[in-house]
Structure formats: structure tokens, C-alpha cells
Amino acid sequence: MKSTDNTSQSIFLTGFILLANLDFTGLLEYGLKAAIGGGIWLAYKLVADQIDRRKRNKTSHD
């Protein structure tokens, strides 16, 4: 049981050290840019799918 406690303590300690050194402003900025970029990509994808669907419907009716 002692080794399990030691392992979990090591994991928690490593996690706390990594979080303490984390640049939260940079992470927030990156997250915001990723969300905006993902939204733009999604909009382009939806428009492209709509155009493709219209093109297929035109060719199937002809």
C-alpha cells in the first residue's frame, strides 16, 4: 500500500508543478484563437456541403 501512496503523491506533485509553471494567459489566448478558427472552418465546411448538395440535386433532376 505504501508504493501506491508514493506513486499518487508523485503524480500529484508533478501535476501541481506543471500547473504552477503554466502560462494561463497564453493558454487562454490559444484557446480563443482555436475556437475562432474552428468556428470559421465549420462555417466553410457547412457552406461547401450545402453547395455540393445543391449541385447533386441539380444533376439528379436533369
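This text gives an overview of the structure that appears in the document. On a predicted model such as this, the values are computed, not experimentally measured, just so you know.

1. Re the overall build of the chain
Part 1: In terms of regular secondary structure, the chain is built from 2 helices and 0 strands.
Part 2: For the chain, with 62 residues in total, the buried portion stands at 0%.
Part 3: Entry remark: accessible area of the chain is about 6000 Å², with carbon and sulfur atoms responsible for 66%.

2. Details of the packing of aromatic side chains
Part 1: Across all of its chains, the model carries 1 aromatic pair by this definition.
Part 2: Ring centres of Phe12 and Phe16 lie 6.4 Å apart, and the angle between their planes is 25 degrees; on these two criteria the pair is classed as stacked. Here Phe16 and Phe12 lie together in helix α1 (residues 2-20), a separation of 4 residues that amounts to about one turn.
Part 3: Residue classification places Phe16 among the exposed residues on the basis of a relative accessible area of 56%.

3. Side note on the pattern of salt bridges
Part 1: Under the definition given, this model contains 3 salt bridges.
Part 2: One salt bridge connects Glu29 with Lys33, and the closest N-O pair in it is separated by 3.2 Å. Placement of both Glu29 and Lys33 in helix α2 (residues 24-61) is noted, with a separation of 4 residues, approximately one turn of the helix.
Part 3: Judged by relative accessible area, Glu29 falls into the partly exposed class, the value being 44%.

4. Points about the environment of Arg53
Part 1: Relative to the helices and strands, Arg53 resides in helix α2.
Part 2: With relative accessibility at 44%, the residue Arg53 sits in the partly exposed group.

5. Notes on a nonpolar patch on the surface
Part 1: A cluster of nonpolar side chains, contributed by Phe12, Phe16, Leu19, Leu22, Phe24 and Leu27, occupies part of the molecular surface with about 640 Å² of accessible area.
Part 2: Those elements giving two or more residues to the nonpolar patch turn out to be α1 and α2.
Part 3: Residue contributions to the nonpolar patch peak at 3 residues, all from α1.
Part 4: Its place among the elements puts Leu27 in helix α2.

Basis of the calculations
- Residues numbered from 1 in each chain as written.
- Predicted model: local features only at pLDDT ≥ 70, side-chain atom pairs only at ≥ 80, totals over all residues.
- Heavy atoms only, no water.
- Helix = DSSP H or I, 4+ residues; strand = E, 2+ residues; numbered from the N terminus.
- Buried < 20%, exposed > 50% of the residue type's maximum accessible area, 1.4 Å probe, protein only.
- Areas by Shrake-Rupley, 256 points an atom, 1.4 Å probe, with all protein chains shown as cover.
- Phe/Tyr/Trp six-rings, centres within 6.5 Å; stacked < 30°, edge-to-face > 60°.
- Salt bridge = Lys/Arg side-chain N within 4 Å of Asp/Glu carboxyl O.
- Patch = residues over 30% accessible without salt bridge, like charges linked within 9 Å, V, L, I, M, F, W, Y side chains within 5 Å.

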